[in-house]
Protein chains: 2
Amino acid sequence: MITVLSGGTGTPKLLQGLKEIVDPNDLTIIVNTLENDYFSGVYVSADIDTVLYTMSDMINDELWYGVKGDTFITHERLDEIGCPELLRIGDIDRATKIQKTQLMEEYGLSKAVEIQAEKMGIPSKIIPMSDENSDIKIITDIGELEFHDFLIKHQSQPEVLDIKFSDVSPASGIINSIENSQAVIIGPSNPITSISPILSLDGVKDALRDTYVVAVSPIIGSDSVSGPASKFMKALNIDVSSVGVASLYEDFLDNIVIDNKDADKKQQLNQIVNKVTITNTIMNNLDAKKNLAQIIIDSIP
Amino acid sequence: MITVLSGGTGTPKLLQGLKEIVDPNDLTIIVNTLENDYFSGVYVSADIDTVLYTMSDMINDELWYGVKGDTFITHERLDEIGCPELLRIGDIDRATKIQKTQLMEEYGLSKAVEIQAEKMGIPSKIIPMSDENSDIKIITDIGELEFHDFLIKHQSQPEVLDIKFSDVSPASGIINSIENSQAVIIGPSNPITSISPILSLDGVKDALRDTYVVAVSPIIGSDSVSGPASKFMKALNIDVSSVGVASLYEDFLDNIVIDNKDADKKQQLNQIVNKVTITNTIMNNLDAKKNLAQIIIDSIP
């Protein structure tokens, strides 16, 4: 069993390769829920849905959000009638969200996701990090913003001063899954808004200390491969580099995977983490994703 | 000013004709809200939306529900993934419902409908009978059913024993609108589930007594033209005929419009109501709708 910590779009790219080279039955994916919220009457758990769609080959893998080939009739009509929808929800995608909202009201989020994954024919286990509602606020130079307002309405432009997120309890099964795994992979997701919320759950760091943990750096050179990770790291005074990422995970990290371009950081990294794996981490096609996944799997003792 | 009491599909058919022969600026339409409820995370006020779509020429006038030419991508997907949606909500129609839900949370239902009507370019005033949530239960031989469960899931098949609905306060402007109208038209809607809820609002019957009221019978012979009206009338021991309809409205009715087929009921009806107008009330094309509307308007003193 391999457990993957996921959020945003970096880790799903890796999952697309990983599911081709390991038996998906042997994968557990723990997914960030901090940015979940209600939009247009439905519960939107974008990070979870991206994993569901990735694992069922439905993902729009240009945007890493929503369903490939989806239409946007309701979304566009909302625009026309002067009620623009902050998130771009497709018509097929909306059905997923309506179903999840209904299942969640009846069974809670974890069970809702389990039922949806099963209906989508996904053999892997997908666990939301928490069944509790949570909240993340970005403190910026223009004021305190909701995460999606910062990301979409303000296009991640404002200067970030701090990030606040609520304390939630881990969903059942998370600690067990980490403890019973041969290794935990921390994907190349935003370390601050995607991974830290999972790490801060009660018992997660302790469980990680007892498990082999390999992380893929989402930072190459001094910038994030995609998204606002570097902005968030800077705000928290974390060195924007693979070294900064490793230091965040230092407590439990056994192996960091960095890009060839960062090979010169090996020595510095070895002071933080035992093993440094150097390879191509840019996943711009399926072969690159499979290669990276294979190198990660091969690095696990 | 003419005020029309509406609900279901019978009165909207008449409105389609009426708006062609009178200035729509002079029309106020008071609409039943009793069957409103949340579906798929959005507030569904089917009777209101049917009036909005009718007055803006968007109505699917085969079903008298939803938008002409709408697609059903989300609705059909919900079916595919094992989460069937009781009401058939189209993709364009869903946007109307999402917008109304959001406007309602901010401003209340009346104002939400006013904003939507304005955005749709409708010059008439459309007023929901109440801003309060209400409920209607159908007591049947197989148990107590929610209205939409009775109508759609059970296809109006169970035997109806009784109908219960909750007390709500009238929306602001309803009493005024009736009092200031030259006449009130009670359209050929279900007298029990569409019209009675409006009549039972505080002050409505008093206001109607002081105004010229003309009603179109939705019953021809001993059956309703469409829908389960006859079933409901029978359950409440009301004669299923235009005479039964007139007796329901007896308290304030000045003129009943009945179909040519019921001409033989004129004498009996004249014992209940002063004026009986006999004409074709089957509205199977626009001309028939306009003709009926013209005859109603001409009958107003």
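All values reported here derive from a predicted model rather than from experimental measurement.

(A) Quick peek at the overall build of chain A. The helix and strand inventory of chain A stands at 13 helices and 14 strands. The principal-axis extents of the C-alpha atoms in chain A amount to approximately 60 × 45 × 35 Å. Sequence separation of 24 or more characterises 66% of the internal contacts of chain A that already satisfy a separation of 6 or more. Summed over its atoms, the accessible surface of chain A is roughly 12,100 Å², and 43% of this surface lies on carbon and sulfur atoms. Each charge class in chain A can be summarised by its mean position, and for the 24 positive and 45 negative side chains these summaries are 3 Å apart.

(B) Here's a closer look at the interface of chain A and chain B. Contacts between the two partners involve 21 residues from chain A and, on the opposite side, 21 residues from chain B. Both faces combined, the contact of chain A with chain B buries some 1,900 Å², and carbon together with sulfur accounts for 66% of it. Applying the counting criterion to the chain A and chain B interface returns zero salt bridges. Put simply, chain A and chain B have four residue pairs in polar contact (both at pLDDT 80 or more) between them. Only helix 3 (73-80) and helix 4 (91-107) of chain A provide two or more residues apiece to the side of chain A that touches chain B. In terms of residues, the side of chain A that touches chain B owes the most to one element, helix 4 of chain A, which gives eight residues. Residues belonging to the side of chain A that touches chain B are distributed by class as follows: nine nonpolar, eight polar and four charged.

(C) Quick peek at the pairing of strand 6 (residues 136-140) of chain A. Residue and element names in this part refer to chain A. Here strand 6 lies mainly inside the structure; four of its five residues are buried. Taken together, the five bridges between strand 6 and strand 8 (residues 160-165) define a ladder with antiparallel strand orientation. Following the sheet pairing, Ile-136 is matched in strand 8 by Phe-165. Two elements, strand 6 and strand 7 (residues 143-146), share four bridges in a ladder whose sense is antiparallel. Considered in strand 7, the bridge of Lys-137 is made with Glu-146. Here strand 6 folds back onto strand 7, and the loop between the two strands holds two residues.

(D) Representation of helix 2 (residues 46-55) of chain B in the model. Residue and element names in this part refer to chain B. Most of helix 2 is tucked away, with 10 of its 10 residues classed as buried. Ala-46, Asp-47, Ile-48, Asp-49, Thr-50, Val-51, Leu-52, Tyr-53, Thr-54 and Met-55 are the residues of helix 2 that are buried. A positive phi of about 60° marks Asp-57, the residue just after helix 2.

Each value, and the rule that gives it
- Residues numbered from 1 in each chain as written.
- Chains lettered and ligands numbered in written order.
- Predicted model: local features only at pLDDT ≥ 70, side-chain atom pairs only at ≥ 80, totals over all residues.
- Heavy atoms only, no water.
- Helix = DSSP H or I, 4+ residues; strand = E, 2+ residues; numbered from the N terminus.
- Contact = heavy atoms within 4.5 Å.
- Areas by Shrake-Rupley, 256 points an atom, 1.4 Å probe, with all protein chains shown as cover.
- Lys, Arg positive; Asp, Glu negative; His and termini not counted.
- Charge placed at Lys NZ, Arg CZ, Asp CG, Glu CD.
- Buried area = accessible area lost by both parts, 1.4 Å probe.
- Salt bridge = Lys/Arg side-chain N within 4 Å of Asp/Glu carboxyl O.
- Polar contact = N/O pair within 3.5 Å; in protein donor to acceptor, adjacent residues only side chain to side chain.
- Nonpolar A, V, L, I, M, F, W, Y, C, P; charged D, E, K, R; others polar.
- Buried < 20%, exposed > 50% of the residue type's maximum accessible area, 1.4 Å probe, protein only.
- Pairing = 2+ DSSP bridges.

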